[in-house]
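Examination of the molecular architecture
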Amino acid sequence: MSSNSFAYTEQSGGGETAELGQEATSTISPSGAFGLFSSDLKKNEDLKQMLESNKDSAKLDAMKRIVGMIAKGKNASELFPAVVKNVASKNIEIKKLVYVYLVRYAEEQQDLALLSISTFQRALKDPNQLIRASALRVLSSIRVPIIVPIMMLAIKEASADLSPYVRKNAAHAIQKLYSLDPEQKEMLIEVIEKLLKDKSTLVAGSVVMAFEEVCPDRIDLIHKNYRKLCNLLVDVEEWGQVVIIHMLTRYARTQFVSPWKEDDGLEDNEKNFYESDDELKEKTEDRKKPYSMDPDHRLLIRNTKPLLQSRNAAVVMAVAQLYWHISPKSEAGIISKSLVRLLRSNREVQYIVLQNIATMSIQRKGMFEPYLKSFYVRSTDPTMIKTLKLEILTNLANEANISTLLREFQTYVKSQDKQFAAATIQTIGRCATNISEVTDTCLNGLVCLLSNRDEIVVAESVVVIKKLLQMQPVQHGEIIKHMAKLLDSITVPVARASILWLIGENCERVPKIAPDVLRKMAKSFTSEDDLVKLQILNLGAKLYLTNSKQTKLLTQYILNLGKYDQNYDIRDRTRFIRQLIVPNEKSGALSKYAKKIFLAQKPAPLLESPFKDRDHFQLGTLSHTLNIKASGYLELSNWPEVAPDPSVRNVEVIELAKEWTPTGKAKKENPAKKFYSESEEEEESSDSSSSDSESESGSESGEGGGSEEEEDSSEDSSEGSSSEEESESGDESEAENKRMATRNSKNKGKSDTEDGKKKNEKSKTSGSSDADSSSIESSSDSESESESEYESRKTTKEIGKQTKQDRNLLTKDVSLLDLDDFNPISTPVVLPTPALSPSLIADLEGLNLSTSSSVISVGTPVFVPGKTHVLLHRMSGKGLAANYFFPRQPCIFGDKMVSVQITLNNTSDRKIENIHIGEKKLPVGMQMHVFHPIDSLEPEGSITVSMGIDFCDSTQTASFQLCTKDDCFNVTIQPPIGELLLPVTMSEKDFKKEQGMLTGMNETSAVIIAAPQNFTPSMVLQKVVNVANVGVVPSGQDNIHRSEELKFSSSLRKVCS
Amino acid sequence: MIQSLFLINCSGDIFLEKHWKSVVSQSVCDYFFEAQEKAADVENVPPVISTPHHYLISIYQDKLFFVSVIQTEVPPLFVIEFLHRVADTFQDYFGECSEAAIKDNVVIVYELLEEMLDNGFPLATESNILKELIKPPTILRSVVSSITGSSNVGDTLPTGQLSNIPGHQVGIEYTNNEAYFDVVEEIDAILGKSGSTVFAEIQGVIDACIKLSGMPNLSLSFMNPRLLDDVSFHPCIRFKCWESERVLSFIPPDGNFRLISYRVSSQNLVAIPAYVKHSISFKENSSSKYGKTIEGITVTVHMPKVVPNMNLTPTQGSYTFDPVTKVLTWDVGKITPQKLPSLKGLVNLQSGAPKPEENPSLNIQFKIQQLAISGLKVNRLDMYGEKYKPFKGVKYVTKAGKFQVRT
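For clarity, every value in this text was computed on a predicted model and none was experimentally measured.

Considerations on the overall build of chain B
When its secondary structure is counted, chain B shows seven helices and 23 strands. Expressed as a percentage of its 407 residues, the buried residues of chain B come to 59%. Excluding contacts between residues fewer than 6 apart, the proportion of contacts in chain B whose partners are at least 24 apart in sequence is 67%. When the accessible surface of chain B is split by element, carbon and sulfur atoms take 51% of a total near 16200 Å².

What to know about the overall build of chain A
For chain A, the count of helices and strands is 46 helices and 11 strands. When burial is assessed residue by residue, chain A has 59% of its 1057 residues classed as buried. Partitioning the intrachain contacts of chain A with sequence separation of at least 6 by distance along the chain shows that 73% fall at a separation of at least 24. Summed over all atoms, the accessible surface of chain A reaches about 43200 Å², with 53% contributed by carbon and sulfur.

Regarding the sheet that holds strand E10 (residues 217-222) of chain B
All names here are of chain B. Strand order in this open sheet of three strands is E12-E10-E22, and the pairing throughout is antiparallel. Each edge of the open sheet carries a strand with a single partner, namely strand E12 (247-250) and strand E22 (378-384). Strand-to-strand twist of the sheet, defined as the mean angle between neighbouring strand axes without regard to direction, takes the value 15 degrees. Of the pairings in the sheet, the one linking E10 to E22 comprises six bridges and is antiparallel in character. Bridge assignment links Leu 220 to a residue of E22, and that residue is Leu 381.

A closer look at the sheet that holds strand E18 (residues 318-322) of chain B
Residues and elements named next belong to chain B. The strand order across the open sheet formed by nine strands is E11-E13-E9-E8-E23-E21-E16-E19-E18, and the pairing between neighbours is mixed. Every interior strand has two partners, whereas the edge strands, strand E11 (230-233) and E18, have only one. The average undirected angle you get between the axes of adjacent strands in this sheet is 15 degrees. Both strand E8 (residues 178-191) and strand E9 (residues 197-211) contribute to a ladder of 14 bridges, which runs antiparallel.

Section: the pattern of salt bridges
In the structure shown here, the tally under the stated rule is 36 salt bridges over all chains. For the salt bridge of B:Glu99 with B:Lys103, the shortest nitrogen-to-oxygen distance reads 3.1 Å. Remark: B:Lys103 and B:Glu99 occur in helix H3 (residues 99-104); sequence separation between them is four residues, near one turn of the helix. Of the residues examined, B:Lys103 reaches a relative accessible area of 27% and is grouped as partly exposed. A salt bridge links B:Arg258 to B:Asp207; the nearest nitrogen and oxygen atoms lie 2.9 Å apart. In this pair, B:Arg258 is assigned in strand E13 (residues 255-264) and B:Asp207 in strand E9, connecting sequence segments 51 residues apart. The exposure class assigned to B:Asp207 is partly exposed, which follows from its relative accessible area of 24%. Each of the salt bridges in this network shares a partner with another, and the network as a whole consists of A:Lys96, A:Arg137, A:Lys176, B:Glu115 and B:Asp118.

Re the packing of aromatic side chains
Two descriptors summarise a pair of aromatic rings, namely the distance from one centre to the other and the angle between the planes of the rings. Inspection of every chain in the model, using the stated rule, returns 21 aromatic pairs over all chains. On the basis of an interplanar angle of 70 degrees and a centroid distance of 5.3 Å, the ring pair of A:Trp239 and B:Phe78 is categorised as edge-to-face. Pair noted here: A:Trp239 is in helix H14 (residues 238-255) and B:Phe78 is in helix H2 (residues 76-94), and the two residues belong to different chains. Of the two residues examined, A:Trp239 and B:Phe78, each falls in the buried class. Pairing A:Trp239 with B:Phe82 gives two aromatic rings, centres 5.9 Å apart and planes at 75 degrees, and the pair type is edge-to-face. In this pair, A:Trp239 sits in helix H14 while B:Phe82 sits in helix H2, so the two residues belong to two different chains. Accessibility classification places A:Trp239 together with B:Phe82 in one group, the buried group.

As for the environment of A:Ala882
All names here are of chain A. Within the secondary structure, Ala 882 is located in strand E3 (residues 880-885). The class for Ala 882 is buried, based on a relative accessible area of 0%. The contact partners of Ala 882, leaving out residues within four places of it in the chain, are His 869, Val 870, Leu 871, Leu 872, Ile 902, Thr 903, Leu 904 and Leu 962.

Some thoughts on the side chain of A:Gln350
Position of A:Gln350 relative to the elements: it lies in helix H21 (residues 347-363). The exposure class of A:Gln350 is buried, given its relative accessible area of 7%. When residues no more than four places from it in sequence are discounted, the contact partners of A:Gln350 are A:Leu343, A:Ser345, A:Ile385 and B:Lys402.

Looking at the packing of H14(A) against H2(B)
Relative to each other, H14(A) and H2(B) sit at 175 degrees, their axes nearing to 11 Å. What the angle tells us is that H14(A) and H2(B) run roughly antiparallel. Only B:Phe78, B:Glu81, B:Phe82 and B:Arg85 of H2(B) make contact with H14(A), whose side of the interface consists of A:Glu238, A:Trp239, A:Val242 and A:Val243. For the contact of H14(A) with H2(B), the class distribution of residues is five nonpolar, no polar and three charged.

Here we look at the confidence of the model for chain A
Residue and element names in this part refer to chain A. Per-residue pLDDT for chain A averages 69, and the proportion of residues at 70 or more is 63%. Ranking the elements of chain A by mean pLDDT puts helix H46 (residues 1050-1056) last with 34 and helix H19 (residues 313-326) first with 91. Low pLDDT, under 50, characterises residues 263-288; the stretch is placed with 33 contacts to residues that sit more than four places away or in other chains. The low-confidence segment residues 999-1004 (pLDDT under 50) makes 31 contacts with residues lying over four places distant or belonging to another chain.

Details of empty space enclosed by the protein
Using the criterion set out here, one finds 18 cavities of 30 Å³ or more in the structure. Taken as a whole, the second largest cavity spans an internal volume of roughly 220 Å³. Around the second largest cavity, the lining is made up of 18 residues, and of these A:Tyr99, A:Val103, A:Arg137, A:Val138 and B:Glu114 lie nearest the centre. Residue assignment for the lining of the second largest cavity shows that the elements contributing at least two residues are helix H5 (92-105) and helix H7 (129-141) of chain A together with strand E2 (14-19), helix H4 (106-116) and strand E6 (117-118) of chain B. Among the residues forming the lining of the second largest cavity, the class breakdown is six nonpolar, four polar and eight charged.

Description of the side chain of A:His325
Residues and elements named next belong to chain A. In this fold, His 325 is placed in helix H19. You can call His 325 buried: its relative accessible area is 6%. Residues within four places of His 325 in sequence aside, it is in contact with Thr 249, Arg 253, Trp 260, Phe 617, Gln 618, Leu 619, Leu 636 and Trp 639.

Overview of the environment of A:Arg910
Residues and elements named next belong to chain A. Residue position: Arg 910 is located in the loop between strand E4 (898-906) and strand E5 (912-921). With a relative accessible area of 40%, Arg 910 lands in the partly exposed category. Excluding residues that lie within four positions of it along the chain, Arg 910 makes contacts with Lys 878, Leu 937, Pro 939 and Asp 966.

Observations concerning helix H28 (residues 493-505) of chain A
Residues and elements named next belong to chain A. Its 13 residues give H28 an end-to-end C-alpha distance of 18 Å, which sits within 8% of 18 Å, the value for a rise of 1.5 Å per residue. Those residues of H28 lying buried are Ala 495, Arg 496, Ala 497, Ser 498, Ile 499, Leu 500, Trp 501, Leu 502, Ile 503 and Gly 504. Buried residues belonging to H28 abut helix H26 (455-471), helix H27 (477-486), helix H29 (513-524) and helix H30 (530-546).

Comments concerning the nonpolar core
Grouped together as the largest cluster of nonpolar side chains are 263 residues, with contacts concentrated most on A:Ile66, A:Tyr101, A:Leu339, A:Phe375, B:Phe66, B:Phe78 and B:Phe90. In this view, A:Ile66 contacts A:Leu47, A:Leu51, A:Ala76, A:Leu79, A:Val83 and A:Tyr101; residues no more than four positions away in its chain are not counted. Within the second largest apolar cluster, 59 residues are counted, among which are B:Ile237, B:Leu259, B:Ile260 and B:Ile294.

Describing the confidence of the model for chain B
Residue and element names in this part refer to chain B. When the pLDDT values of chain B are averaged, the result is 78; 81% of them are 70 or greater. In the model, residues 278-290 has pLDDT below 50 throughout and makes 41 contacts with residues more than four positions away in sequence or in other chains. Scoring the predicted complex yields pTM 0.66 and, for the interface, ipTM 0.87.

Observations concerning the pairing of E10(B)
It is a general feature of regular strands that their side chains alternate between the two faces of the sheet. All names here are of chain B. Within E10, six of the six residues are buried, which leaves it mostly tucked inside the rest of the structure. Residues Asn 217, Ser 219 and Ser 221 of E10 are buried on one face, and the alternating residues Leu 218, Leu 220 and Phe 222, pointing to the opposite face, are buried as well. Both E10 and E12 contribute to a ladder of four bridges, which runs antiparallel. Residue Ser 221 lies in a different strand from E12, and its bridge partner there is Val 247.

So, a negative patch on the surface
Residue and element names in this part refer to chain B. Together, Asp 62, Asp 88, Glu 96 and Asp 104 give the surface a local cluster of negative charge. The topology assignment puts Asp 88 in helix H2. In this structure Asp 88 comes out as partly exposed when scored by relative accessible area, which is 40%.

Concerning unusual backbone geometry
Residues and elements named next belong to chain B. We note that Lys 63 has phi near 65 degrees; this positive angle belongs to a residue other than glycine. On the accessibility criterion, Lys 63 (60% relative accessible area) is exposed. A positive phi angle, near 60 degrees, is found at Arg 246, a position not held by glycine. One can find Arg 246 in the loop between helix H7 (239-245) and E12. Classification of Arg 246 as partly exposed rests on a relative accessible area of 22%.

So, how was this worked out
- Residues numbered from 1 in each chain as written.
- Chains lettered and ligands numbered in written order.
- Predicted model: local features only at pLDDT ≥ 70, side-chain atom pairs only at ≥ 80, totals over all residues.
- Heavy atoms only, no water.
- Helix = DSSP H or I, 4+ residues; strand = E, 2+ residues; numbered from the N terminus.
- Buried < 20%, exposed > 50% of the residue type's maximum accessible area, 1.4 Å probe, protein only.
- Contact = heavy atoms within 4.5 Å.
- Areas by Shrake-Rupley, 256 points an atom, 1.4 Å probe, with all protein chains shown as cover.
- Pairing = 2+ DSSP bridges.
- Axes fitted to C-alpha atoms, helices over the stretch in contact; angles between N-to-C directions.
- Salt bridge = Lys/Arg side-chain N within 4 Å of Asp/Glu carboxyl O.
- Phe/Tyr/Trp six-rings, centres within 6.5 Å; stacked < 30°, edge-to-face > 60°.
- Parallel < 35°, antiparallel > 145°, perpendicular 65-115°, else oblique.
- Nonpolar A, V, L, I, M, F, W, Y, C, P; charged D, E, K, R; others polar.
- pLDDT = per-residue confidence, 0-100.
- 1 Å grid on protein atoms, 1.4 Å probe; cavity = no way out; pocket = protein on both sides within 12 Å on 5 of 7 lines; lining within 4 Å.
- Points joined across faces, edges and corners; volume = space filled by probe spheres on them.
- Expected span 1.5 Å × (residues − 1).
- Core = buried A, V, L, I, M, F, W, Y, C linked by side-chain atoms within 4.5 Å.
- Patch = residues over 30% accessible without salt bridge, like charges linked within 9 Å, V, L, I, M, F, W, Y side chains within 5 Å.
- Lys, Arg positive; Asp, Glu negative; His and termini not counted.
- Charge placed at Lys NZ, Arg CZ, Asp CG, Glu CD.

In structure tokens, the structure reads:
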């Protein structure tokens, strides 16, 4: 056995080449070589044997070779039965390779493929999300119509999966099923509708992709999700962003009125861009014809702007086309810089971007004019890039820059790349026609080129000169003479034809030369190219009509030659001309008009950009690149005259709470971190871990489902969950509380002596319900692994280094209610309800841990009180007012610091300059990270700055000077004790453990007054978080709100109730 | 979206194919070969080709064509970006993106493609995530796995897959916590005949190599951030921080990645560090304004087709001439201002061919160590969220980008 596996090792290097030889034979064999056929059979026998062996290594080896065959496009379908047996292999790599095989050949071997289905059905219920996802992926990739119902069922189930990764795969499966059986459309749309509501960024891109493929016309499904999609956009992975942006562009074109009509000529609109919606609205309303942009329209434009900075060219292009198609014209300018940046990328990206720029630059020259030089051509560029750049340069040419451009063109004309040089000459021609000032210069330049040694250049010049002369035929006799001379040397047919045509047209201006040219041509007629022959005939006819004395015989000679030409076109033309110009009895009335027919004034050709007509395709699409409508291209509709009802996008209140609070709230709280904001990610990880923990809880899927429902309902409305919990909190909880209290006090005593210096970072309140316990238990498993981590990081959090005397200050008798930041609420009226109900928070926090086991995970603030404190009153600050509040964010300046946000207002009527922090009078050990000085603050202006202060875990005041240019004001910040805390996520078990290590000296207690009827866990929690920045420890026991510093002992509770 | 992928080498062999939906016959590539024939040069093969039933979108990288088959409308850049990402991943896994490397690792390639694309839509493209799913090949691992039959496929979902911090692994502890930044600036310039600057701008990137334990929060600030004209970011960077404070704040992924790329517009460009004088003899001239030596200078000239060979004597360095591609490469080395290098000699023309009327333009490569020519300076790097002291380093290099001298 082992020798077998060793054989493989040797093979892994050299095996590939041997294999190559073998497989070469396998392709030949079907074509008939019988001798080889047997060896092929033998080889496959060999593989079959390996697949049937019970050694994984042999199987793996066999599968690797089979995959090698598939990769090269060789047929390996006859191994199907042998391979499919291994679909349930324990070895994950064998399994994956079998999947690869299955997906490739299932369509050909439908009956056998069915054997594998049950394996996938089982795997769909696997606790591991990766296995669930990959089972769904393979199942949906098997293109066997019989299993459509099974796929449908699997998709439906997966779309409700807890893991966003599985849901993402479900979204992909939708498209696969749709292409297999379009009849399922209606059912699939239901699933899409459901997944569109999903708030995970992971799912968003995939489901929109499915939407685009299955039901792009069901724009009504988007309404409710529009704002969510706009807000999530920056956090979606880059591929999803592209798809979503394209879809939203189409959506915007059907739902909003055009922002363009107003724009024309209103330059000042530029300023509006950075102003808020309201201001914009005000301004636009002032105008005669009030156009105000729908706030949703503005939302889309604003939220896509940061994506212009993406590293992914496809995203940048997608945003660029969005701006091009739906933003006011004055705002579209910002995309040009980003598009120009993409030109540094590889040639394929350049090609597509240049094409799009070419289309844009026709309509709005101004956008790219500042970047003119970026389109200068390098000799190393591939020809296709060069021609596109040239195209853009032509589009951008105007009176101001034409002289620079012409100089640049001169260099290009000399390029070794003759195709490019020819294109340049065409370009010069176009510039000459477009800009009348330089027509003569260009013409002269082109005439100079006629003496160029390169024939292609000369030929191209002739053609272009012909076109130019046609537009202003009067004064150019000299040039025509010059060109006539060229006929002797030039051989390119197009050029010769052009010269002949030109002479024919102007034969009356060059009466002496024209007959001579005709004579020469008559001589060489038989050896000329067809194109030239036709023009000789034309020239002959024209001369016959104007100067028949000299040319009659010549023309007839030529007509005779033409009569017997090999080319039927020429024979045809000859016959036609003869009938028309040579008078005879039969010729009708037409011949009288022959001269008018031949020498009519011909309209000058219009030299146009080949990109002129491309703008009816949406930019950045395949159709635009190819300039043909690609299959599946969705037209961009015109703006509606009247906007459809904007209220369809409003989301109902309950749904709003459900969909928005977690993300929306978090966003509001940390405006400084929005680009790829973490709030989302936190939610994500909690989501994922929720499924992890679910699955870890094993086969009790019923219980898992139950707790999920619980989570859902608690999301729906906090009242709902709180009432639920109320009902659950029974006598048992009371007893539990008492027990806890006693234990706490014991712990206190012990740890006081032992762990005098132990820090007590983990401030916790725990509020949770029975139903949560399953998830909590599992999360605590992972938590326990990280315990040691916690302990080794004593210093990271606050409170830790309190000195003894500090602690004396903070003994039990200090009531939290006395702290000046807390407004005693005597009547338990409705507080600003926390968006997250305790059970949900418990879930979120508990689950966070399983993903980040090695670090202390700082929980999100449960609640951020909006209360601000006065730092400097406007009267004492000579007009400068300053307020501060604690945003309860982890401070970015240092992990021991508390972040403080200071809002500065200028209430005076003059500018306040140079606001900065002056002298600091801090107690020993205290540190402060000051904000950057503010240059100036306008009257009525306000600015928010953030700073970090390390209070050394004490409530000592930080005094410092707030200085302006003229004055200095002494101010102080004293932190309420609650703000010194940081919520930390940990399990109940760890909480207890940590709690055990604490000293009682750090204790602070407070009395919360609440009416009995309103006494619910969420209420208590609400009050607690109002005064202190703490998190919630999920607890298996009911209703114990714990925090290390804030002990809600049962006695207190009794007072309350 | 992407239906099938074919890898084609320079001689036109299809050596790998992969299908995500129904199998598309190899014969679809005939349209591609047709286009390839039409475009004399590989560089000129159009990236998007339309065929009767499909559309082919291709990229050319490392002498290989990646040809994807598309059936319906899709943003072409989407596919192009993705294909480049695939090529980069191969490069990352196998050290090179070549036919041999891909053939040797065909199984890993297949597993990778399987993970990167589902039903033609990108699934996992971040290299850190992929490396968790499928371990890159090493000699040791292949020996071990062949004996034990253990796999190189991970069986848990990488955490990075689910977060927006692409690829930061939480569980890893490094013994040396390091953060290195390379500021690499490239000068793109076109110098005119007379030596005047026709066009010049600086393109810069900051590449990071970060190995930090835990979940560090880094913030990188510059002495002169206003220099940066246009910037594109790695997804880990918080855009708002940049907007408001001009500070790069981010939680880094593990390993190597490109942090930002930026452009400095031409107004800020101080001076071009190298001049080339040319007439019958090329003269090179350096203004060592920066007190740094310019090194690694290479001059490449695409000679006209009529030049079969040449006989030159450089005063410094060595030259080679490839008679097939007609490329003259002169490796100059370092330049000292006292002694200017020159390259003189005879250039033979094919008999009967007329003298080319214009001089070929010169492409110049050079390198200046320890200098960012735009003057960009990293001010400081702060780390929050972890308490160990990382080892930090910043390196500056200026290179010639697309630096061309017209003659």
